[in-house]
Amino acid sequence: MTKAHYGPMPDDKGFFGDFGGALVPEPLDRIMREIAEAYVAIRDTPAFQEELKDLQIHYVGRPSPVYHAKRLTAHCGGAQIYLKREDLNHTGAHKINHCLGEALLAKHMGKTKVLAETGAGQHGVALATACALVGIDCEIHMGQVDVEKEAPNVGKMKILGCRLVPVTRGTATLKDAVDSAFEEYLKDPENSFYAIGSVVGPHPFPMMVRDFQRIIGEEARAQFLSMTGRLPDTITACVGGGSNAIGLFSAFLEDESVRIVGVEPAGEGLDTPRNAATLTLGTPGAIHGFKCYVLQDDKGEPLPVHSIASGLDYPGVGPQHSYLKELGAVDYESVTDTECLDAFMKLSRLEGIIPALESAHAVAYAMKLAKDLPADKTILVNLSGRGDKDVDFVAERLGL
Ligand SMILES: *Cc1c(COP(=O)(O)O)cnc(C)c1O
């Protein structure tokens, strides 16, 4: 099936084909419907649009450039590789795009507090930044194990003025932080706003987060056209929950000539349990209040997953990606931890750009693809973030 069948998505219940929805009990179901209604009412108002646009330009530093990576291209010997530089945004990744949108929406809805969980702390830092800027209270729940592992992000969140709640129950990691933050949210959903960190969770989050990330693709499409006079032959991005990828892909879904590829983490290999290649190896199921492809056991319980990039190790994936896979509108491939590390080093040493380990998955795929294509073909890679957070880990792992 061609990409033209994609159409406007999701439907008013939040479904992308069979995927998505809001599989949550009362009172959450009612609250999600209220957020969806408020979002649809506010998003198109001039006040909201102008405030967001102004911050995107003067605060985030948009538009982020598209860069022709000529030395990386020469090294691979084939198609031309271009990078959409989301790593140059304020706070160093694409996450600020949806965090700003969510914080502004919370303010426009009259909420007084924004709540979220965080794993490695990337979502927490981006959200705490947006909340400091917008002037709204922020509370982040984080597993005690992660609090101890991620000292720089913990420090940033505290400096930015958010209330950091260490969670000691259970395994004291991400899943427990989600439970804890949700319990807190349900105490006062009238005055608080739960900010999900990717295109996952119940409707309207997959739609809303996508809409806030769509600016990546809109800018990149126009920039690439004006730089080269045509559209890229292939566009690619890493897929964890899928927000940076859907942000890029959204603007190209109607372009029949553009091949779109999402890159999943193959971890230590697709033939081992140590990966998080949800769309490659998973099956349709449900997780965290929505339907999508899931890496699950016989009973429908999510399996433990692994990636060298903590932002990619999630056993579910955005419902729109699940649908685009089924339509055949987007191809989903995977690269291993080893290939990711190699791309991380190559991009650093050939271009002077240290990528996030998440983003290095997309770079690794582009490097493999470029070799097999002629020099007049082009590949546009979404460089979702910078690698400051990963330098200690990589230096130690490679014995530098
Ligand atoms: C969080 C993160 C990701 C993964 O999230 P998506 O929702 O899949 O985009 C990718 N890259 C960077 C730099 C991140 O911080």
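Above: the structure in question.
Quantities reported herein were computed from a predicted structural model and do not represent experimental measurements. (Residues numbered from 1 in each chain as written. Predicted model: local features only at pLDDT ≥ 70, side-chain atom pairs only at ≥ 80, totals over all residues. Heavy atoms only, no water.)

**Q** Is there a simple way to explain the nonpolar core in this structure?
**A** The tendency in soluble globular proteins is for nonpolar side chains to be buried side by side. Ranked by size, the top nonpolar core spans 54 residues in total, and within it Ile35, Leu127, Ile140, Met157, Phe193 and Met208 carry the most contacts. Residue contributions to this core reach at least three from each of two domains, namely domain 1 (16–55 + 95–206) and domain 2 (62–93 + 214–398). Leaving out residues up to four positions away in the same chain, isoleucine 140 has contacts with Ala116, Glu117, Thr118, Gly124, Leu127, Met157, Cys162, Arg163, Leu164 and Val165. Membership of the second largest hydrophobic core comes to 33 residues, among which are Phe224, Leu248, Val258 and Tyr332. (Core = buried A, V, L, I, M, F, W, Y, C linked by side-chain atoms within 4.5 Å. Buried < 20%, exposed > 50% of the residue type's maximum accessible area, 1.4 Å probe, protein only. Domains from an automatic or database assignment. Contact = heavy atoms within 4.5 Å.)

**Q** Explain the side chain of glutamine 296 here, please?
**A** By the element assignment, glutamine 296 lies in the loop between strand S12 (290–294) and helix H12 (319–327). What glutamine 296 contacts, discounting residues up to four positions off in sequence, is Thr283, Pro284, Gly285, Glu301, Pro302 and Leu303. (Helix = DSSP H or I, 4+ residues; strand = E, 2+ residues; numbered from the N terminus.)

**Q** I keep staring at the packing of aromatic side chains and nothing clicks. Help me out?
**A** Aromatic rings considered in pairs are described by the distance between their centres and by the relative angle of their planes. A complete count under the given rule lists eight aromatic pairs for this structure. Pairing phenylalanine 182 with tyrosine 185 gives two aromatic rings, centres 6.0 Å apart and planes at 90°, and the pair type is edge-to-face. Of the two residues, phenylalanine 182 and tyrosine 185 both sit in helix H8 (residues 174–187), three residues apart, roughly one turn of that helix. Taken together, the ring pairs connect Tyr39, Phe48 and Phe212 into an aromatic cluster. Over the ring of tyrosine 293 we find lysine 325; its NZ or CZ atom is 5.5 Å from the centre of that ring. (Phe/Tyr/Trp six-rings, centres within 6.5 Å; stacked < 30°, edge-to-face > 60°. Lys NZ or Arg CZ within 6 Å of the ring centre and 35° of its normal.)

**Q** Where do I start with helix H14 (residues 357–371) in this structure?
**A** Owing to its 3.6 residues per turn, the α-helix aligns residues three or four sequence positions apart on the same side. Look at H14: 22 Å from first C-alpha to last across 15 residues, which is about the 21 Å you get at 1.5 Å a residue. Extensive coverage of H14 is indicated by the burial of 13 of its 15 residues. (Expected span 1.5 Å × (residues − 1).)

**Q** Teacher, can you tell me more about the site of the ligand here?
**A** In the vicinity of the ligand there are 16 residues, among which Lys95, Ser198, Gly242, Ser243 and Ser384 approach most closely. The side chain of histidine 94 places a nitrogen or oxygen atom 3.1 Å from an oxygen atom of the ligand. In this structure, glycine 241 approaches the ligand through a main-chain N or O atom, which is 3.2 Å from an oxygen atom. For the ligand, the accessible surface in isolation is 380 Å², of which the surrounding protein chains cover 96%. The residue inventory of the shell around the ligand, partitioned by class, reads four nonpolar, ten polar and two charged. (Near = heavy atom within 4 Å. Polar contact = N/O pair within 3.5 Å; in protein donor to acceptor, adjacent residues only side chain to side chain. Areas by Shrake-Rupley, 256 points an atom, 1.4 Å probe, with all protein chains shown as cover. Nonpolar A, V, L, I, M, F, W, Y, C, P; charged D, E, K, R; others polar.)

**Q** Would you explain the side chain of serine 64 in this entry?
**A** Along the chain, the position of serine 64 falls in the loop between helix H2 (46–60) and strand S3 (66–68). Among the residues examined, serine 64 registers a relative accessible area of 2% and is labelled buried. A polar contact is formed between the side chain of serine 64 and the side chain of glutamate 86, at a distance of 2.7 Å. Beyond its immediate chain neighbours, meaning those up to four positions away, serine 64 contacts Lys84, Arg85, Glu86, Asn89, Glu219 and Gln223.

**Q** Whenever I open this one, the sheet that holds strand S7 (residues 163–167) confuses me. Can you help?
**A** Hydrogen bonds between backbone groups are what pair the strands of a sheet, and the pairing can be parallel or antiparallel. In space, the four strands of this open sheet follow the order S7-S6-S5-S8, with parallel pairing throughout. Two strands lie at the open edges of the sheet, namely S7 and strand S8 (192–194), each paired on one side alone. Geometrically, the sheet is characterised by an average inter-axis angle of 25° between neighbouring strands, direction not taken into account. (Pairing = 2+ DSSP bridges. Axes fitted to C-alpha atoms, helices over the stretch in contact; angles between N-to-C directions.)

**Q** Could you clarify how one ought to interpret the pattern of salt bridges in this entry?
**A** When their charged atoms lie close together, side chains carrying opposite charge are able to pair. If you walk through the whole model with that rule in mind, you get 29 salt bridges. Measuring nitrogen to oxygen at the nearest pair gives 3.2 Å for the salt bridge that ties glutamate 339 to lysine 368. Of this pair, glutamate 339 sits in helix H13 (residues 337–351) while lysine 368 sits in helix H14; the two residues are 29 residues apart in sequence, bridging distant segments of the chain. With relative accessibility at 28%, the residue glutamate 339 sits in the partly exposed group. (Salt bridge = Lys/Arg side-chain N within 4 Å of Asp/Glu carboxyl O.)

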